[in-house]
Amino acid sequence: MSLQGRVALVTGGSRGIGAAVAQTLAAAGVSLAVCARNGEAAAATAAAIAERGGQAFGVAADVSRAADAERVVAACVERFGRLDILVNNAGITRDGLVLRMKDEDWSDVLAVNLSGAFYCARAALRAILKQRQSGRIVNVGSVVGSTGNPGQANYVASKAGLVGLTKALAKEVASRGVTVNAVAPGFIETDMTAGLADAVKDAYRTQIPLGRFGTPAEVASVVAFLASDAAAYITGQVIHVNGGMWSS
């Protein structure tokens, strides 16, 4: 699954799954632009990649703004001369029951998780299609986009919408040799799950046949596969990485 010579943009790449994706792609020979709201954190991920001999740079951006999405794609093309892979990983949570959810908690989550993916995909495709070569878009969703989850109506809606965006976009660009897929992680050991109470974690583990949370690296390996030529005949799909807790 060598990706030597390819160029990728990873959003939300400063920590957790995003950082693991960036590091995994770099190890496969990809040059990277790492995007995050916190520019210093994005630069730290890029520096860690450079220390291992890879090529990467960090850039601050809020993907919920179309202008920022266009800017980071332009920066990537300016730095490396092309763009082959987009990984839409940026995401936030603002949990709460619907009856108590503030309007801004709903709109902010949809703006980053769904609109951000749309803005980045649109900007990236302009660069990818201009090259007249194959490209890859991988959207990072969530198991709750399929199962639902109480107290996360905004997050669930954003991830379910991401599935629809993936399927529609895959059909739009397939004739140009571009594949669009989604990876839907289950419970993964990240900052988001670290804050859960031990009793809650134990309860979730009982729902997972493999009996444990996954790791960011395990999700990243699936993203790397979908970005590679080995997955050239896979498009419009949602690949679940959840230890068996749910299957479509």
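Now for a description of the structure that goes with this document. Nothing here was measured: the structure is a model prediction, and the numbers come from that model. (Residues numbered from 1 in each chain as written. Predicted model: local features only at pLDDT ≥ 70, side-chain atom pairs only at ≥ 80, totals over all residues. Heavy atoms only, no water.)

1. A closer look at the packing of helix α4 (residues 103–130) against helix α6 (residues 153–173)
At their nearest, the axes of α4 and α6 sit 8 Å apart, and the two run at 15° to each other. When the interaxial angle is binned, α4 and α6 end up roughly parallel. Of the two possible hands of crossing, α4 and α6 adopt the one that is right-handed. Contact residues: Asp105, Trp106, Val109, Leu110, Asn113, Leu114, Ala117, Phe118, Ala121 and Leu125 in α4; Ala153, Asn154, Tyr155, Ala157, Ser158, Lys159, Gly161, Leu162, Leu165, Leu169 and Val173 in α6. In terms of residue class, the contact of α4 with α6 is made up of 15 nonpolar, four polar and two charged. (Axes fitted to C-alpha atoms, helices over the stretch in contact; angles between N-to-C directions. Helix = DSSP H or I, 4+ residues; strand = E, 2+ residues; numbered from the N terminus. Parallel < 35°, antiparallel > 145°, perpendicular 65-115°, else oblique. Left-handed = near helix turned anticlockwise from the far one by under 90°. Contact = heavy atoms within 4.5 Å. Nonpolar A, V, L, I, M, F, W, Y, C, P; charged D, E, K, R; others polar.)

2. A few points about unusual backbone geometry
At arginine 132, a position not held by glycine, the phi torsion is positive, near 55°. Following the sequence through the fold, arginine 132 ends up in the loop between α4 and β5 (135–140).

3. What to know about helix α9 (residues 216–227)
Over its 12 residues, α9 runs 16 Å from end to end, which matches the ideal 16 Å to within 8%, given 1.5 Å per residue. For α9, the full list of buried residues reads Pro216, Val219, Ala220, Val222, Val223, Ala224, Leu226 and Ala227. The secondary structure elements touched by the buried residues of α9 are α1 (16–27), β4 (85–88), β5, β6 (178–185) and β7 (238–241). (Expected span 1.5 Å × (residues − 1). Buried < 20%, exposed > 50% of the residue type's maximum accessible area, 1.4 Å probe, protein only.)

4. So, the sheet that holds β4
Strand order in the open sheet formed by seven strands is β3-β2-β1-β4-β5-β6-β7, and the pairing between neighbours is parallel. Among the strands making up the open sheet, the edge pair consists of β3 (56–60) and β7. Across the sheet, the axes of successive neighbouring strands diverge by a mean angle of 15°, strand direction being ignored. With four bridges joining them, β4 and β5 adopt parallel strand pairing. Looking at β5, one finds that leucine 86 is bridged to isoleucine 137. On top of the sheet, α1 reaches β1 (7–11), β2 (31–36), β4 and β6; it is set at about 170° to β1, its chief contact. Where helix α2 (residues 39–51) meets the sheet, its contacts fall on β2 and β3, and the angle it forms with β3 comes to roughly 175°. (Pairing = 2+ DSSP bridges.)

5. Digging into empty space enclosed by the protein
Under the defined criterion, the tally for this structure stands at one cavity of 30 Å³ or more. Space inside the largest cavity adds up to approximately 50 Å³. Lining the largest cavity are Thr11, Val63, Asn88, Asn89, Ala90, Val112, Asn113, Gly116, Ala117, Val140, Lys159 and Leu162. Taken together, the elements giving at least two residues each to the lining of the largest cavity come down to α4 and α6. Take the lining of the largest cavity: its biggest share by element is four residues, from α4. Residue composition of the lining of the largest cavity, grouped by class: six nonpolar, five polar and one charged. (1 Å grid on protein atoms, 1.4 Å probe; cavity = no way out; pocket = protein on both sides within 12 Å on 5 of 7 lines; lining within 4 Å. Points joined across faces, edges and corners; volume = space filled by probe spheres on them.)

6. Observations regarding the pattern of salt bridges
Enumeration according to the criterion identifies nine salt bridges in this entry. A salt bridge links aspartate 62 to arginine 37; its shortest N-O distance comes to 3.5 Å. You can see aspartate 62 sitting in the loop between β3 and α3 (66–80) and its partner arginine 37 sitting in the loop between β2 and α2, a full 25 residues away along the chain. Here arginine 212 makes a salt bridge to glutamate 218, at a shortest N to O gap of 2.8 Å. Residue arginine 212 is classed as partly exposed on the basis of its relative accessible area of 38%. (Salt bridge = Lys/Arg side-chain N within 4 Å of Asp/Glu carboxyl O.)

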